[in-house]
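# Topology and contacts: notes
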Amino acid sequence: MKDRTLLLMVPVSWAGIWTTPLAGQAPGLKLVVHERDAYDPAAIDYVLSFRPPPGVLKTLPNLKAVFSLGAGVDGFLADPDYPRAVPLVRFVHHSLAREMAHYAVLHALLHHRRQKNFDAAQKEHAWRQAFPPRRTEDTRIGIFGMGEIGQVIAEAFRDLDFPVSGWSRTRKTVEGVKSFAGEAERDAFLAQSDILVCVLPLTEDTRGILDKDLFAKLPKDSYLINIARGGHQNAGDLVAAIDSGHLSGATLDVFEPEPLPPSSPLWSHPKITVTPHVAALTDPFVMAKAAVDGITSLERGEKLENVVDFERGY
Ligand code: NDP
Ligand code: OXD
């Protein structure tokens, strides 16, 4: 790593979260922080970022690879000047998928077990043995996006005895999980998803996919958990589908824009749970190791793993 420089493009106040583990993993690597340190653009070999300011990457003539701090890379592809000859590497690790599975299971069970009703009863000191859950065997979980994260989420629900299916572009073989593939099988998948968990990447094909047409195809009383990107959901259509009684509610971790403005009606909707993009946080030490391993592979002339396909957009 000697004579190599990595540029970190994150909010300056967060820089230490990433520089400490990177310095520990690769003591020889020079670290510079965008908007904090002066640097020569020609000296930058690698970049680590999540949502880099558009236009900066193209000013780095000797850039060899870009590492995403997250699994989703829409923040990079939103830059029309992303230099496409430079490989963009996603963060893929079981720790991230596992945290996403914990979040999805937590919110699915809160809904499935009707926990909001017990919270309300507790406030009244009322012993109400009401609100029986729907049978687990009858609560069909649909995973929208069966990639690195979706498959781990599917397995977690399967292991809790829920019937699980998944939708992806290409067919998957995951034990005990029914696979639906492509546009032709999308409606059939939706029609049997009582809890829909969205973990699709945000691409030209998936932007706005969670809209009124899609909600109409879900079974009555179904529930949405969106932990992918805010750009997938049409918030107005979602509120209308819930208020009409067709959907029973939603948990949303992602929004467009973020942070969700205080004036958004989503904050106070009684059937919507809002969390601030925390379904899974990248572990800085795991991420630092992944980036350093990637740089080492590249420097040895080996194949880089988890490289984004710019045509597909993920
Ligand atoms: P992957 O790229 O591994 O998986 C994406 C999946 O979506 C694949 O199964 C892919 O199908 C499927 N897919 C993509 N486009 C389409 C389409 N047009 N039609 C049908 N299926 C499609 O991504 P990850 O699982 O690693 O991550 C998923 C997303 O989760 C990220 O992009 C990010 O937005 C979000 N995320 C959110 C976090 C949070 O804290 N809220 C944390 C981490 C990730 P195929 O397999 O056939 O290619
Ligand atoms: C990610 C995220 O994409 O945290 O990893 O949203």
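Every chain is numbered independently, its residues counted from 1 as its sequence is written. Chain labels run from A onward and ligand labels from 1 onward, assigned in the order the entries are written. Under the rules for a predicted model, residues below a pLDDT of 70 receive no local features and side-chain atom pairs below 80 are neither given nor counted, while totals for whole chains, interfaces and linings still include all residues. Side-chain measures here rest on the full set of heavy atoms in the structure, leaving out hydrogens and waters.

## Thoughts on the packing of aromatic side chains
- Ring pairs shown here join Phe, Tyr and Trp side chains whose ring centres sit within 6.5 Å, with only the six-membered ring taken for Trp; geometry is labelled stacked below 30 degrees between planes, edge-to-face above 60, and tilted in between. Under the definition given, this model contains seven aromatic pairs.
- Residues F180 and F189 carry aromatic rings whose centres are separated by 5.7 Å and whose planes lie at 65 degrees to one another, so their mutual orientation is edge-to-face. By the burial criterion, F180 is buried, and F189 matches it.
- Three or more aromatic residues joined by ring pairs form one cluster here, namely F144, W167, F180 and F189.
- Two conditions define a charge located above a ring, namely a distance within 6 Å from the ring centre to NZ of Lys or CZ of Arg, and an angle within 35 degrees of the ring normal. Over the ring of Y314 we find R312, and its NZ or CZ is 4.0 Å from the ring centre. Any residue under 20% of the maximum accessible area for its type is buried, any over 50% is exposed, and the rest in between are partly exposed; the area is computed with a 1.4 Å probe on protein chains only.

## Thoughts on the nonpolar core
- Only buried residues count toward a nonpolar core, which is a set of Ala, Val, Leu, Ile, Met, Phe, Trp, Tyr and Cys residues joined through side-chain atoms within 4.5 Å. Of all hydrophobic cores here, the largest spans 51 residues; its most connected members are L48, F67, I143, I153, F157, V197 and I227.
- Counting residues per element, this core draws most heavily on helix α3 (residues 94–112), at eight residues.
- Beyond its immediate stretch of four places on either side in the chain, F67 contacts Y46, V47, L48, S49, F76, V89, M287, A291, G294 and I295.
- By size, the runner-up hydrophobic cluster in this structure holds 27 residues, among which are L218, A228, L238 and L252. A run of H or I in DSSP counts as a helix once it spans at least four residues, and a run of E counts as a strand once it spans at least two, with each numbered from the N terminus. Residues are treated as being in contact if the distance between any of their heavy atoms lies within 4.5 Å.

## Digging into the pattern of salt bridges
- Whenever a carboxyl oxygen of Asp or Glu lies within 4 Å of a side-chain nitrogen of Lys or Arg, that contact is scored as a salt bridge. Within the structure shown, the criterion is met by 22 salt bridges.
- A salt bridge links R128 to E124; its shortest N-O distance comes to 2.5 Å.
- On the basis of relative accessibility, which here comes to 34%, the residue R128 falls in the partly exposed class.
- Here D293 makes a salt bridge to K289, at a shortest N to O gap of 2.7 Å. Separated by four residues within a single helix, D293 and K289 lie in helix α9 (residues 284–299), roughly one turn from each other.
- Classification of D293 as partly exposed rests on a relative accessible area of 37%.

## A word on the site of ligand 1
- Not every one of the 30 residues close to ligand 1 is listed here, only the nearest: R90, I149, T170, K172 and Y314.
- For the purposes of these results, a polar contact is taken to be a pair of N or O atoms within 3.5 Å, where, inside protein, one atom must be able to donate a hydrogen and its partner to accept one; residues adjacent in sequence count only when each atom of the pair is a side-chain atom. In the model, an oxygen atom of ligand 1 is placed 3.0 Å from a nitrogen or oxygen of the G147 main chain.
- Contact between ligand 1 and Y314: an oxygen atom at 2.5 Å from a side-chain N or O atom of the residue.
- Accessible areas in this description were obtained via Shrake-Rupley with a 1.4 Å probe; residue shielding takes into account the shown protein chains only. Here ligand 1 loses 94% of its free accessible area of 940 Å² to cover by the protein chains.
- Mapped by element, the contributors of at least two residues to the shell around ligand 1 are α3, α5 (148–159) and β7 (164–168).
- The residue makeup of the shell around ligand 1, split by class, is 15 nonpolar, seven polar and eight charged. Proximity is defined per residue: if any heavy atom of the residue lies within 4 Å of a molecule or strand, that residue is considered near it. Under this grouping Gly is polar, as are all residues other than the nonpolar Ala, Val, Leu, Ile, Met, Phe, Trp, Tyr, Cys and Pro and the charged Asp, Glu, Lys and Arg.

## So, the sheet that holds strand β3 (residues 46–49)
- DSSP calls a pair of strands paired once it identifies at least 2 bridges connecting them. Spatially, five strands are ordered β2-β1-β3-β4-β5 in an open sheet, and the strand pairing comes out parallel. Of all the strands in the sheet, just β2 (30–33) and β5 (88–89) have a single pairing partner and so form its edges.
- Bridge analysis of β3 against strand β4 (residues 65–68) gives four bridges, and the strand direction is parallel. By the bridge assignment, S49 is partnered in β4 with S68.
- Helix α1 (residues 15–25) contacts β1 (5–9), β2 and β3 of the sheet and is inclined by roughly 175 degrees relative to β2.
- To get an axis, fit a line to the C-alpha atoms, keeping to the stretch in contact for a helix; angles then go from 0 to 180 degrees between the N-to-C directions. On top of the sheet, α9 reaches β1, β3 and β4; it is set at about 160 degrees to β4, its chief contact.

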